[in-house]
Amino acid sequence: MRSLRTGLSLGSLLTGIAALGALLAATPAAHAADTPLRDLGAAKGKAIGTAVTGSKLTGTYGDIAGTQFSSLTPGNAMKWGSVEPTQGNFNWAEADQIVAFAQAHDQQVRGHTLVWHSQNPSWLTTGSWTPAQLGSLLQNHIGTEVGRYQGKIAAWDVVNEPFNEDGTYRSTLWYNGLGTDYIADALTWARAADPAAELYINDYNVEGVNAKSTALYNLVKSLKQQGVPIDGVGLQAHLILGQVPSTLQQNIQRFADLGVDVAITELDIRMALPADSAKLAQQAADYKSVVAACAAVARCVNLTVWGFTDSDSWVEGTFPGYGAATPYDANYAPKPAYYGIAEALGGSGGPTDPPTGACSAAYTVTSQWNTGFTGQVTISCSGASLSSWRASWAFGAGQQITQAWNATCTQSGSAVSCSNASYNGSVPDGGSVTFGFNASWSGSNPLPTVTLT
Ligand code: 9MR
């Protein structure tokens, strides 16, 4: 038999490649085997927390809140407007529920928040108070709430959001009525009501070194010098995709160097919707860098996300067109961001690691003459491997295989299927296998697309 493989008709040689990879993703790690974030955090001396909504603490939401986190912050339940909606009438139900849940799950609670300009009851904000009345209302509020949970709260966000972006004091009910003293007084009253609780000032846009964080820094330094009880600063960290401040760790460190603890108190990273894989990968990198900055500073003691699932986040309601800001999707599946957090704490990168390699098939016509041609298919692997293979394609112009070598080929109509011979099913990482065939053609001989299965 004439050896067609030698390609006697060199003048009519036609070559081409049609290749289509059959992707073989890296084997995903089983989620069930992942170490919970709270355990990863504990190994690094960090509490890992989430804001929660009390009414949701059952089912999957409750399972995740209880197993993954070692710290809970009531998202709204401890705010003044929640606990004393009308003067003298208290509603502690949701706050009590969250504290009880935390105790049952060996979790700490961050109390949030005692003195704020927002989410106050209307009786308070619409009332007309002398400075003395305002001071005693605040003192009573702090004494009542901190006293109620004495011994059960690890840390209180005593004062929330006292600064403007330029570092001046925010004009609020408290500042306008009591001047800057309201901050030292609130801290002092909180210490009196629960000497064991760590006392924080908490704000947003103070994650990097900037005018606002420097104002906070100067305030904490001055409070320390005056002997006012201040134990920590909370950096809320409501961030935007791709915009983790480059000075985050430096900023955490400068507060630590003042002799206070630091907590990342309300971390979320929002993106323009819809989410896609590139944005989710960026978000994972962003979460990882925030957690790494905290992990690098011993006095960064708590890292809390502001809701762990996209179905329980404030973001979409506040920033139209933005969302997907938390580590779990709305169906409670961990997102790449979850694994970004885990990795920064020394855990697994999880199943969202990008596929590390693939195998693909390349089709070539090595020689062609008036009625026939010789074809060749090379299967190559990089970062993946095969133990058997099947290359399939459809001829587009009536071509018909007459003979094959190094594979078993069958053809039915235009559909061709070639599977490995007994001796060449294995394609190692970095290796390749080639098989060939002779076929007839007439009119034209277009290159098919090969699928590898
Ligand atoms: O998560 C809280 C959301 O449910 C409320 O509607 C919102 C009202 O301002 O407050 C949210 O939490 C805030 C937190 O208490 C302080 N920092 C900013 C948070 C997001 O607004």
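Residues numbered from 1 in each chain as written. Predicted model: local features only at pLDDT ≥ 70, side-chain atom pairs only at ≥ 80, totals over all residues. Heavy atoms only, no water.

### Quick notes on the UniProt feature "active site" (unreviewed entry) in the protein chain
So, step 1. Annotation from UniProt places "active site" (unreviewed entry) at Glu266.
So, step 2. As for its placement among the helices and strands, Glu266 is situated in strand β9 (residues 261–272).
So, step 3. Not counting residues up to four positions away in its chain, the partners in contact with Glu266 are His112, Asn202, Leu235, Gln236, Ala237, His238, Thr304 and Trp306. (UniProt positions renumbered as here; feature names shortened; annotations may be inferred. Helix = DSSP H or I, 4+ residues; strand = E, 2+ residues; numbered from the N terminus. Contact = heavy atoms within 4.5 Å.)

### Overview of the packing of helix α6 (residues 131–148) against helix α8 (residues 181–193)
To characterise two packed helices, one gives the angle between the axes of the helices and the distance between these axes.
So, step 1. The interhelical angle for the contact between α6 and α8, taken along N-to-C directions, is 35°, at an axis separation of 9 Å. As α6 runs across α8, the sense of the crossing is right-handed. Contacts from Gly135, Leu138, Gln139, Ile142, Gly143, Val146 and Gly147 in α6 reach Ala186, Trp189, Ala190 and Ala193 in α8.
So, step 2. Here the residues of the contact of α6 with α8 sort into seven nonpolar, four polar and no charged. (Axes fitted to C-alpha atoms, helices over the stretch in contact; angles between N-to-C directions. Left-handed = near helix turned anticlockwise from the far one by under 90°. Nonpolar A, V, L, I, M, F, W, Y, C, P; charged D, E, K, R; others polar.)

### Remarks on the sheet that holds strand β19 (residues 451–452)
So, step 1. Overall, antiparallel pairing links the four strands, which are arranged β16-β17-β14-β19 in an open sheet. Across the chains shown, the open sheet's two edge strands, defined by having one partner strand only, are β16 (407–412) and β19.
So, step 2. Bridge count for strand β14 (residues 390–394) against β19 is two bridges, and the pairing is antiparallel. Bridging from a neighbouring strand, Ala391 pairs with Leu452 of β19. (Pairing = 2+ DSSP bridges.)

### A closer look at the site of the ligand
So, step 1. Around the ligand sit Asn76, Lys79, His112, Trp116, Gln119, Asn160, Glu161, Gln236, His238, Glu266, Trp306 and Trp314, and that is every residue in its neighbourhood.
So, step 2. Note that a nitrogen atom of the ligand is positioned 3.0 Å from one of the side-chain N or O atoms of Gln236.
So, step 3. Separating an oxygen atom of the ligand from a side-chain N or O atom of Trp306 is a distance of 2.8 Å.
So, step 4. Compared with its free state, where it exposes 440 Å², the ligand has 73% of that area covered by protein.
So, step 5. Residues of the shell around the ligand, tallied by class, amount to three nonpolar, six polar and three charged. (Near = heavy atom within 4 Å. Polar contact = N/O pair within 3.5 Å; in protein donor to acceptor, adjacent residues only side chain to side chain. Areas by Shrake-Rupley, 256 points an atom, 1.4 Å probe, with all protein chains shown as cover.)

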